[in-house]
Amino acid sequence: MSKLIEQPRYSCALGAQQSVIAIKRAVPILHSGPGCGDKINRLLGQGEGYAGGNTVPCTNASESEIVFGGESKLGTVIEGAFQVIDADLYVVLTGCTSDIIGDDVAQVTSRYQEQDKPIVYVETGGFKSNNYVSHETVVKGIIDQYVDKFKIGSHKIKRLVNVFATIPYQDAFWNGNLEEIKRILEGIGLTVNILFGAESQGIEEWKTIPQAEFNIVVSAWAGLEIAEHLKNKYGTPYTHFSYLPIGGLETTKFLRQVVAFGALDVDYAEAFIKKEEEKFYMHIERMADFMLEFRYGLPRRFYTILDASYAIGFSKYLLNELGILPTKQFIIDDTPEVFQGAIHEQFEKISEFRSAKVSFSIDAGAIQEEIRNDEHKSRGLILGSAWERDLATDIGADLLIVSVPVAYRLILNCGYAGYNGGLRVIEDIYGKVLDTYR
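The model shown is predicted, which means the values in this text are computed figures rather than measured ones.

Let us look at the sheet that holds strand β6 (residues 212–218). Each strand in a sheet pairs with its neighbour through backbone hydrogen bonds, running either in the same direction (parallel) or in the opposite one (antiparallel). If you walk across this open sheet you meet the four strands as β5-β4-β6-β7, and the pairing is parallel. Only two strands of the sheet have a single neighbouring strand rather than two, namely β5 (191–193) and β7 (238–241). Each strand of the sheet is rotated relative to its neighbour by a mean of 25 degrees, with strand direction disregarded. Two strands pair when backbone bridges link them, and β6 and β7 are joined in this way by four bridges, in the parallel orientation. Bridge pairing in β7 places Asn215 opposite Tyr238. Packed on one face of the sheet, helix α10 (residues 224–234) meets β4 (157–164), β6 and β7 and runs near 170 degrees to β7.

In structure tokens:
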């Protein structure tokens, strides 16, 4: 029996075009129908970057390519991209039509790979998966078809790490989060391949992936397959922190886990942590008067309608450091069943004294209906997307837009990870509260 799903918060597999756009001077080349890339950009994108949005080369495959094949047209588009877009890496991504008719994209792309062009291909037909999964597929494709050529024996660079922490653009705050994660990891003595965004060194950084001493995965599940792939391919071990660290407690916990795993200089790392904690809690102390004065008008409970990494990270921070109580939490990233048990455990022990209920659903319509039917005895807070604006108005709750679509926010390098991210959360939540006073 068919079922209607409202407002899914992710895209089809072709959404991995945004992962390519997030790599400095990398260009996706779509072998898909007209409009596919634009729809993805309208859901996930804010800004075109180097060659995103309406500048993405595309075969615009239509009836002629479906009947007679689109390989010839793909070759023409690739050659055109080489001529008009100066890039360090080109990534051919397939859409539904080319994957259904079976165009041999590997054969087309290999002609240019044999000419030593920096080009790879990945099959991302929209029906194959969502963009959480295809992000991993694209990263592995780049490593296998391009990065691997630059591997230098089994040599490892001491203290060099690769970080797989977020899905660019699917996480609207990806750039700011990656900047903060890189900053704090460098603070404890590591050299960091952050791979995406403004703090990355682009494709030159990718070429050193095989030489990393170990990998760090900061995510509930997306990114683990990449780390496993690198472990099998290059023997690179990895440590897994299963949510976004936000605020003083969890960021310190994250850093100490990395220090222990990498056998880093404990004294050096603890000196950095001490300095960061002092700065973080100094700002928290400054707001004590505000919290006391406005205690009856502040949100007392919260809902999250977020992906698993964000939902756990925010829930721990809001409960344990800001004293806002969790109601039911909703995970909307289509988490594979194999990872759901571990996420349940995180919510069961979210603090020493409390647990929180969690539900996995991709149907935001059903989620919103459940929240509407809840009792709303005190002021609430929703961490969700722009699609929750009417819900928040109807139940008198405050809304912090964290998930895509983020239609009513412009995001440049704002992030919620780490010590600095924790402070930004406070500014954003309580700034909205103050805005409601008349």
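With that settled, the discussion passes to the environment of Asp103. The topology assignment puts Asp103 in the loop between α5 (96–101) and α6 (105–113). On the basis of relative accessible area, Asp103 is assigned to the buried category, the value being 10%. Along the sequence, Asp103 and Glu71 sit 32 residues apart, while their C-alpha atoms lie 6.0 Å from each other. With near-sequence residues (within four places) excluded, Asp103 lies in contact with His31, Gly69, Gly70, Glu71 and Ser98. At a separation of 2.8 Å, a polar atom in the side chain of Asp103 contacts the side chain of His31.

Residues of β7 alternate between two faces, with Thr239 and Phe241 buried on one and Tyr238 and His240 left unburied on the opposite face. For the crossover that starts at β6, traverses α10 and ends in the parallel β7, the hand is right-handed.

When we look at burial in α6, the residues that qualify are Val105, Val108, Thr109 and Tyr112. Projection of α6 onto a plane perpendicular to its axis shows the buried side chains occupying an angular sector of 90 degrees, all on one side. Against β1 (26–31), α4 (71–84), β2 (89–94) and β3 (119–122) lie the buried residues of α6.

Moving on: the pairing of strand β8 (residues 301–306). Across the six residues of β8, six count as buried, placing the element largely inside the fold. With burial as the criterion, each face of β8 is covered, one bearing Arg301, Tyr303 and Ile305 and the other bearing Phe302, Thr304 and Leu306. As judged from the two bridges shared by β8 and strand β9 (residues 325–326), these two strands associate in the parallel manner. Bridge assignment links Arg301 to a residue of β9, and that residue is Leu325.

This part covers the packing of aromatic side chains. Under the definition given, this model contains 16 aromatic pairs. With a centroid separation of 5.0 Å and 40 degrees between ring planes, the pair formed by Tyr169 and Trp174 is classed as tilted. Members of the aromatic cluster, each reached through a chain of ring pairs, are Tyr10, Tyr132, Trp221 and Phe339. Sitting above the plane of the Phe82 ring, Lys117 keeps its charged end 5.0 Å from the centroid.

It is at 10 Å that the axes of helix α14 (residues 308–320) and helix α15 (residues 337–348) come closest, and there the two elements cross at 10 degrees. By the angle class used here, α14 and α15 are roughly parallel. In contact with Ala308, Ala311, Ile312, Ser315 and Lys316 of α14, α15 contributes Ile343, Gln346 and Phe347. Of the residues contributing to the contact of α14 with α15, the split by class is five nonpolar, two polar and one charged.

Moving on, we get to the side chain of Thr109. On the secondary structure map, Thr109 appears in helix α6. A relative accessible area of 0% means that Thr109 is categorised as buried.

A few words now on the environment of Val105. With respect to the secondary-structure elements, Val105 resides in helix α6. For Val105, a relative accessible area of 3% gives the class buried. Sequence separation of Val105 and Gly70 is 35 residues, and the distance between their C-alpha atoms is 9.2 Å. Not counting the four nearest positions on each side in its chain, Val105 is found in contact with His31, Leu74, Val92, Thr94 and Tyr121.

Criteria and thresholds
Residues numbered from 1 in each chain as written. Predicted model: local features only at pLDDT ≥ 70, side-chain atom pairs only at ≥ 80, totals over all residues. Heavy atoms only, no water. Pairing = 2+ DSSP bridges. Helix = DSSP H or I, 4+ residues; strand = E, 2+ residues; numbered from the N terminus. Axes fitted to C-alpha atoms, helices over the stretch in contact; angles between N-to-C directions. Contact = heavy atoms within 4.5 Å. Buried < 20%, exposed > 50% of the residue type's maximum accessible area, 1.4 Å probe, protein only. Polar contact = N/O pair within 3.5 Å; in protein donor to acceptor, adjacent residues only side chain to side chain. Right-handed = clockwise from strand over helix to strand, strands pointing away. Arc of directions from axis to C-beta. Phe/Tyr/Trp six-rings, centres within 6.5 Å; stacked < 30°, edge-to-face > 60°. Lys NZ or Arg CZ within 6 Å of the ring centre and 35° of its normal. Parallel < 35°, antiparallel > 145°, perpendicular 65-115°, else oblique. Nonpolar A, V, L, I, M, F, W, Y, C, P; charged D, E, K, R; others polar.

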